[in-house]
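Observations on chain architecture
Chain by chain, the residues run as shown.
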Amino acid sequence: MSAETAYAFRHVVLRDAAYQMQLPTARTELHGLAYHALDECTPPAERATVADEVFEHAVLAGEQNGETAFEYLKLAASWAAEHYHVARAIELLGALLDHPLATVADRLHAAHLRSSQLLHAGRPKEAEADLRGALELAERHEPDSRGRLLAALGGVLMESGRHAQADDWFVRAIDSLRAAGDDRYLGICLTNRAILFRHIGQPADVFSLLEEALEINRRTGNRRFEGIALSAMAGSRRTHGAHDEAEALYRKALEIFQSNGDRREEAQTWGNLANVFINSERGDEAEVAYFRALRGLRELGALRGEAIVLGNLGNLLWTRGLIGRCIAAQRRCVEILTQIEDRLLLPAFRSMLAGHLIRLGELDAANAELQQGLSECDSRESMAALDYLLPCMFSLHIAQAGEVWGVHDHTPDPAGVQRAREVLQRMRQSADGRHTESTAVLRGEMQIYVRKLQLVDSGKSDGLFNGSDLKRGPLPRRALLARLQALAPERLEKMKATAPALYQSYFAEVEQDPEPDWRDNTLPG
C-alpha cells in the first residue's frame, strides 16, 4: 500500500469513526448545517447536479418536508431520471408522490415519469399500478392530463403483450389528446401506436401513421420522438428489404440521439444498425455495432434493450460457428424478457433459441421453449406470435419424426409427421386474412414447409439435418461437425454409414476447415 493510499484509507476511516461517535442529536444538527450551507452556497444553475445530496442532508436533518427540501427533491428526481440512474429515480419519484407538499400536478407528473423508469427496470406491474392510480386522480382533479396517462398505460400494456388492450388505450389517448390540444403527447402516442401495429400486424398503413407522427414530433420540437419515429420507419423499410433506405433513416435518428445525449436510444439504434449491416452482408460492422449497443445498454440498466441485442447478436454468433455463445446469448435474452414480462418480443426470441436447439439435436429443450411460448399466447391478441412459433414447432416435429444427429440417442417418432401436418394446417389458418410483415414471410415460405413434409413423409429425409436445411454458411456446419466428432463420434460414424448423402451434402466440404470455437459458452460482452 502506498503512502497516499494509506492516508486516504485512514482519512475515510477516521472521518466515519468521528461521525458515528456523535450523539444522534449532534448528527442531526450536522446534517442540518450541511443542508443549509449547500443551499446557500450553490448557484441556482448548479443546484440540479447536487440536489440529491442536498435532499439527503435534509432527510437526515429531519427537514425533508419543508418547501426548500421539496424543491430539491423535484430537482433530484428529474436529474436521476434524465441521467439514467433508474433505481435512484424510482426511489426519489416515490418520495415525491408521497410528499405532503406535492400538488395533484406534481403527483401526476411523478407517477408518469416513475412508470417509465419502472418499465426500464423490468417492473411492468408496478408501472401499471402507478399509472392506474394516477388516472383515478386525474379523473377527479385534472382531466386534461388523462391523455398522457392513457398513452403511457398503452405503452406498458404493449410491452406486456396485451396488444388489443394496448390499442384500446392508445385510441382513447389519441381522442383525449386531440381534445386537449396536447400535440406533443399526441405525436408520442401516434409513434407508439405505429410501433405496436408493426409488431402485431394490424391492417393499417404503418408508414403513413409514422409520417403523421414524425410531422407532429418535428412541429412540437420533440427531438427524442422524432428520432424514435425515424427508427420505426427504418425498421419498416428494413423488413421490406430496402436496406439502404433503412440505414439512412437509422443514421438520421442516431444523429438526433447523439446530439440530445440520449444514450439509451443511441445504444438501441446501434443495435438496429447492426441488423441492417447483417442484411447487407457486413458482418464485421454488425458485430462492432452490437457490442457498442450492448455496452451502452448494460451501463444504463436498460434490460429490454439488452435482451433484444443479445438475441440478435446470438444469430450473428451462430453464423460464425460460435454456437455455444449463441445459445448463451439467446438464453439470457429469453430470461430477461420473461423477467420483465415482455410478451410482445418473447415469441420471436423464444423461437430463435428453439430453432438453434433443434439444429443441435436438443429436442427436449427446444420443445420446452416452444410449449412455454404457446402458453404465453392469447389466441385473440397473439396471432402474430404464431408466425414465429408455428414454423419452429413444425421443424421440431419434422426432427422428431426422423433421425436426430445430436449428442443424445433418439428414437424416431413416426407420429411427428402427423403433428407436423397439423402444425402446417395451423400455419395456413394463422396466415389467412392477415398482412403482418412476418406473415408475409411465412406465406412466401409455405412451399418450403410443404416440401420438407413430403421428404419426411416419403422416407427420403436425407436432405434435412435435424429437420433443418443447413446450406447457409459453412461455419455453423463446421461447428456442428466438430461438436459431433468431439462429443458423440459414434453418431457421426452412424451418419456416414446410414445417411451418406446427408453427410456429403452438409459436412464433406467443410471437414478440412479450421474448427470455430464452438465450445465457448460465455455470455457475450
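Residues numbered from 1 in each chain as written. Predicted model: local features only at pLDDT ≥ 70, side-chain atom pairs only at ≥ 80, totals over all residues. Heavy atoms only, no water.

**So, the overall build of the chain**
The secondary structure content of the chain amounts to 26 helices and zero strands. Over its C-alpha atoms, taken along the principal directions, the chain stretches across nearly 85 × 70 × 40 Å. Across the 525 residues in the chain, those meeting the buried criterion constitute 51%. Summed over all atoms, the accessible surface of the chain reaches about 24300 Å², with 51% contributed by carbon and sulfur. Side chains of the chain give 61 positive and 75 negative charges; the mean places of these two sets differ by 4 Å. (Helix = DSSP H or I, 4+ residues; strand = E, 2+ residues; numbered from the N terminus. Buried < 20%, exposed > 50% of the residue type's maximum accessible area, 1.4 Å probe, protein only. Areas by Shrake-Rupley, 256 points an atom, 1.4 Å probe, with all protein chains shown as cover. Lys, Arg positive; Asp, Glu negative; His and termini not counted. Charge placed at Lys NZ, Arg CZ, Asp CG, Glu CD.)

**Examining the nonpolar core**
Grouped together as the largest cluster of nonpolar side chains are 160 residues, with contacts concentrated most on F394, F465, M495 and F507. Sort the elements by how many residues they give to this core and helix α20 (residues 383-401) lands first, with 11 residues. Residue contacts for M495: discarding those within four places in its chain leaves W405, F465, L484, P500, L502, Y503 and F507. (Core = buried A, V, L, I, M, F, W, Y, C linked by side-chain atoms within 4.5 Å. Contact = heavy atoms within 4.5 Å.)

**Digging into helix α5 (residues 86-98)**
Here α5 is 13 residues long and its end C-alpha atoms lie 19 Å apart, about the 18 Å a rise of 1.5 Å per residue gives. Of all the positions in α5, only V86, A89, I90, L92, L93, G94, L96 and L97 are classed as buried. Its buried side turned inward, α5 meets α3 (47-60), α4 (67-82), α6 (104-120), α7 (124-141), α14 (263-279) and α15 (283-300). (Expected span 1.5 Å × (residues − 1).)

**As for the side chain of N275**
On the secondary structure map, N275 appears in helix α14. Among the polar contacts made by the side chain of N275, one reaches the side chain of Y290 at a distance of 2.4 Å. Once residues within four sequence positions are removed from consideration, N275 is found in contact with R238, Y290 and N312. (Polar contact = N/O pair within 3.5 Å; in protein donor to acceptor, adjacent residues only side chain to side chain.)

**Some remarks on the pattern of salt bridges**
Close approach of charged atoms allows side chains with opposite charge to pair. Counted by the stated rule, this structure contains 39 salt bridges. One salt bridge in this structure joins E287 and R320, with 2.1 Å as the shortest N-O distance. Here E287, found in helix α15, pairs with R320, found in the loop between α16 (303-319) and α17 (323-339); they are 33 residues apart in sequence, far enough to count as distant. Judged by its relative accessible area of 25%, E287 is partly exposed. (Salt bridge = Lys/Arg side-chain N within 4 Å of Asp/Glu carboxyl O.)

**Notes on the environment of D284**
Examined against the element boundaries, D284 turns out to sit in helix α15. Along the primary structure D284 and A274 are separated by 10 residues, whereas in three dimensions their C-alpha atoms are 9.4 Å apart. A polar contact of 2.9 Å, which involves the side chain of D284, links it to the side chain of R320.

**Overview of the packing of helix α10 (residues 183-200) against helix α12 (residues 223-239)**
In the contact formed by α10 and α12, the axes pass within 10 Å of each other and the chain directions differ by 20 degrees. The pairing of α10 with α12 is recorded here as roughly parallel in orientation. α10 and α12 meet at a crossing whose hand is left-handed. Packed against α10, whose contacting residues are I188, T191, N192, I195 and R198, the element α12 presents F225, I228, A229, A232, G235, S236 and T239 at the interface. (Axes fitted to C-alpha atoms, helices over the stretch in contact; angles between N-to-C directions. Parallel < 35°, antiparallel > 145°, perpendicular 65-115°, else oblique. Left-handed = near helix turned anticlockwise from the far one by under 90°.)

**What to know about the confidence of the model for the chain**
This prediction gives the chain a mean pLDDT of 87; 90% of its residues lie at or above 70. Mean pLDDT across the elements of the chain ranges from a minimum in helix α1 (residues 3-20), with 59, to a maximum in helix α24 (residues 474-487), with 96. (pLDDT = per-residue confidence, 0-100.)

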